[in-house]
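Summary of the model geometry
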Protein chains: 2
Amino acid sequence: MQINKKIFVLSLLVSSALVFTACDKNKGADAQTNNKTSELAATSQTQEQTSKEANREKVNNEEIINVDGFLSADDIAIAQQLRDEALKSSKGYSIVESLTTEVGPRMAGTAGDAAAVVWGEAKLKELGFDKVWKEPVTFKTWKRGIETAEVVAPFPQPLVITALGFSIGTAPEGLSAEIKAYDTLDDLKKAPENDAKGKIVFIKYRMKKARDGSGYGPAVAARGSGAVEAAKKGAVGILIRSIGTDSHRMAHTGMMRYSAEVQKIPAAALSAPDADLLENMLNRDKPVTVKMTLGAYDGPEYTSYNVIGEITGSEKPEEYVLIGGHLDSWDLGTGALDDGAGIAITAAAAELISRLPERPKRSIRVVMFANEEQGLVGARAYAEAHKDELHNIITAAESDFGAGPIWRIDSRVKPEALPVAKKIAELLKPLGIKYGNNRAGGGPDLIPLRQKGISVFSLRQDGTDYFDFHHTPDDTLDKINKEHLDQNTAAYVVFAYLAAQMEGDFGQKVE
Amino acid sequence: MQINKKIFVLSLLVSSALVFTACDKNKGADAQTNNKTSELAATSQTQEQTSKEANREKVNNEEIINVDGFLSADDIAIAQQLRDEALKSSKGYSIVESLTTEVGPRMAGTAGDAAAVVWGEAKLKELGFDKVWKEPVTFKTWKRGIETAEVVAPFPQPLVITALGFSIGTAPEGLSAEIKAYDTLDDLKKAPENDAKGKIVFIKYRMKKARDGSGYGPAVAARGSGAVEAAKKGAVGILIRSIGTDSHRMAHTGMMRYSAEVQKIPAAALSAPDADLLENMLNRDKPVTVKMTLGAYDGPEYTSYNVIGEITGSEKPEEYVLIGGHLDSWDLGTGALDDGAGIAITAAAAELISRLPERPKRSIRVVMFANEEQGLVGARAYAEAHKDELHNIITAAESDFGAGPIWRIDSRVKPEALPVAKKIAELLKPLGIKYGNNRAGGGPDLIPLRQKGISVFSLRQDGTDYFDFHHTPDDTLDKINKEHLDQNTAAYVVFAYLAAQMEGDFGQKVE
């Protein structure tokens, strides 16, 4: 610890000087060009489109990737050692076990959120990070309250529902109305005026299962804007089939939004078996009346924190690789998959790097973002708080898609740096990971950074089962496979270490 | 319907005479021997043990089974037709869809129970049964009320529990106490006096998965008698890991019993992930305090009904093959697997037989037993109400193990009739069913009949996944595979038809 402290003090001094220089340089760049936000992305996409097939072919045929001037043989050898070490570490599992056991549910603005912040700081210190701190994130809160529903007629029986995030509540005695069903949100949008007048809208759309989670996009719009669209047609409430791919008696929560111009109506999700049941009742061509009672309400403003740990670089400590996940979860489960796993994988990867005899050249920063679930609030706060030094982020990757094994790595880097991305992919091959493309998204909490042109990577996890558990009480530790978690850690450690070591950069288009 | 009515009137006349003769004969037999109850079983077992391997070998080698004098070639040809017809019928699925949709949960003594009785009578009439009636079943009721739990310290978070059937409630403000864990019920029994003084006992035992459900027996004792054993050690409450094989956030309910000599304490089950969580907390070697609140209480006496439908036999209408399931369910799910499927399979099989141009020689009786879940109450009532005419039951089989495909058929018949059992098994071979042994249990609601020496068959279903859903909110229609249900119906129709047609009997050891 003595040695680390010395490096740390030194690094702070070096850091201040470099940040100053870098900021000045950046200001100049800003003055010269407008609208640079997506320039890196645009460049990368063009490059990608023209050489897509050629690239793929080369990678498949064991292309010799030339990273001269970027990475040394030592860098690569150490990355391989780290990777192999990660596969037997189990550190990630122990972190997510700790978070789910000692904190559990940690919805933004709850006591669990506060406990998670305390946990996060303590855990990063315990893991030996050189520097641990937190940064405030302030937001409006939402409280769930009770949530019950039942079919009143023609076949009385209870239904399992959950309120959607930021839904208003019903009157205390509940809301009873006839059901008006639509196959999709689009069908609702296309319906005639007053088509759902005085009714509770029911959207039947079934999300499709896919490894890459591509079923989520087409499904989730019903959750986000279903209430607004239903209210436009005169509805008094909305029930959607859960945005999920399971067939269990648990409803999936998640955010919804109101519009200032449209009447707010209560919004909830039915579990898949309950949505089936409602469909079967409706198939009998009799009016079906449902009563739903939601105790949800908007709470006071609250300040939580992004919790940050740093392994401080030895040569360019002010520059850093940003990895992380989000610390908040929904309230129903213990947030093991969403996103305890992401926190665990990235913290475990950084911890492995900290065990090397020497610190890497650049810093590794693990960011546990606050309040991702209710609108990327921590992510936006981070981007804002660090807006004058975003150029220090060499690249970034968030883990926020559960705990399945990584099967593909995508990059978003300048063309000249593509060999480094390919080299990272090559080192991940023994983990069953292939290179994808240069259009990486990077993860939800990186959107504000990516929009500013920061280079990102996507270490894409197998999400086949992710939406079975997503935002339900079933998001618990037993859904995590230790070996898969180690595989994730192994991939992150290679990525983070090589990005921290490389000469040059992945593109610096920060505005 | 005109023709059926005539047969029915005729059959009643014939029936009265035969019952009278049979009863007289039986009384004579009773006078001659004592303790005949399990004679059939004992005989069968001896026979089975001595020739077990020989029999198995023969069946495997396509033994020519001689059923001369029992069954005609026509009987067998019709049974085959019925079997093949059943495979494309989908009738079973439509019945269980109807029950779960139009009634849903139907715990004994609830409004759902009453609705199920109405449904049962209407459904059997709609299916064209010759005779439909109900027989009263009176019992004590139990009400669930609220059920919540949470870890109070050291890591506050909610737990998912469900009260065990007939548990008492806690005080309205809940019961808070430290957890005292035991690996098994036996460990609790062996513990020193006052070992759990003032504590909430937690039994960690994990039920094992098996096709034949053999994991249930070793596990379920903790549910039945855990509260009594815990109270003997001074405990103030008990939580068991759910008797189930899933890993979902749903607790499994089911019956427990108190003893008149031992203090009653509240009893509940934790979902598997919550039991894991509690174990992980306890592994930290700090006292763990849990608060549980149960609103359960004993309700008033209630009268429900066994609902019975009969396809009336053409030659020996007073004699009958009894098939069926239980009409009640637990309150948490819609009772699709437990035991809507059994009701559906057996009613569908009988309905298929009713579509033949001629009625079978004997009657087929489908019994939808009341209140199986809370102590075989309907089954005992049936045995009592029909105690003077039990010899009319040629044989019986209950379907009450979900909706998995049948993989084995066991018989419990006199040795001379074993070829008929083997012939039935032979006709079921194309369905993937093999003959097992001559020690059939017959199903829970047949215990009172089997104990009186009635011949029974077990058409054993694949129960690998059954205990994933058993007694949880997740016991819903989506867990049922239509093809599996048809396979079940096909097996029951062969069994019921041939038993109704056979000359002679399977053994008449009714006391």
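Note that the structure is predicted; figures quoted are calculated from it, not measured.

Details of the domain arrangement of chain A
Residues and elements named next belong to chain A. You can read the domains of chain A as domain 1 (2-57 + 68-140 + 301-501) and domain 2 (145-295). Each partner contributes residues to the interface: domain 1 has 21 residues there, and domain 2 has 21 residues. With both chains or domains summed, domain 1 and domain 2 bury close to 1,700 Å², and 63% of this area falls on carbon and sulfur atoms. In this assembly, domain 1 and domain 2 are joined by two salt bridges. In this structure, aspartate 465 engages lysine 209 in a salt bridge whose closest nitrogen and oxygen atoms are separated by 3.4 Å. In this assembly, domain 1 and domain 2 are joined by eight residue pairs in polar contact (both at pLDDT 80 or more). When residues of the side of domain 1 that touches domain 2 are traced back to their parent elements, those giving at least two are β16 (456-461) and α13 (466-469). The element that contributes the greatest number of residues to the side of domain 1 that touches domain 2 is α13, accounting for three residues. Partitioning the side of domain 1 that touches domain 2 into residue classes produces seven nonpolar, seven polar and seven charged.

Some points on the side chain of A:Thr476
Locating A:Thr476 in the fold gives a position in the loop between α13 and α14 (482-501). Of note is the side chain of A:Thr476, whose polar atom sits 2.5 Å from the side chain of A:Asp478. Setting aside its immediate chain neighbours within four residues, A:Thr476 contacts A:Thr334, A:Ala336, B:Arg249 and B:Pro273.

Comments concerning helix α7 (residues 216-232) of chain A
Residue and element names in this part refer to chain A. Between its first and last C-alpha atoms α7 spans 24 Å; for 17 residues at 1.5 Å apiece the expected length is 24 Å, and the two agree. Considering bend angle alone, the principal kink of α7 is centred on serine 225 and spans about 65°. Within α7, the full set of buried residues consists of Ala219, Val220, Ala222, Arg223, Gly224, Gly226, Ala227, Val228, Glu229, Ala230 and Ala231. Packing partners of the buried residues in α7 comprise α6 (185-190), β6 (200-203), β7 (237-241) and β8 (267-270). Positioned one or two residues after α7, glycine 234 has a phi angle of 95°, which is positive.

What counts, and where the lines are drawn
Residues numbered from 1 in each chain as written. Chains lettered and ligands numbered in written order. Predicted model: local features only at pLDDT ≥ 70, side-chain atom pairs only at ≥ 80, totals over all residues. Heavy atoms only, no water. Domains from an automatic or database assignment. Contact = heavy atoms within 4.5 Å. Buried area = accessible area lost by both parts, 1.4 Å probe. Salt bridge = Lys/Arg side-chain N within 4 Å of Asp/Glu carboxyl O. Polar contact = N/O pair within 3.5 Å; in protein donor to acceptor, adjacent residues only side chain to side chain. Helix = DSSP H or I, 4+ residues; strand = E, 2+ residues; numbered from the N terminus. Nonpolar A, V, L, I, M, F, W, Y, C, P; charged D, E, K, R; others polar. Expected span 1.5 Å × (residues − 1). Bend = angle between axes of the 7 residues up to and from the residue. Buried < 20%, exposed > 50% of the residue type's maximum accessible area, 1.4 Å probe, protein only.

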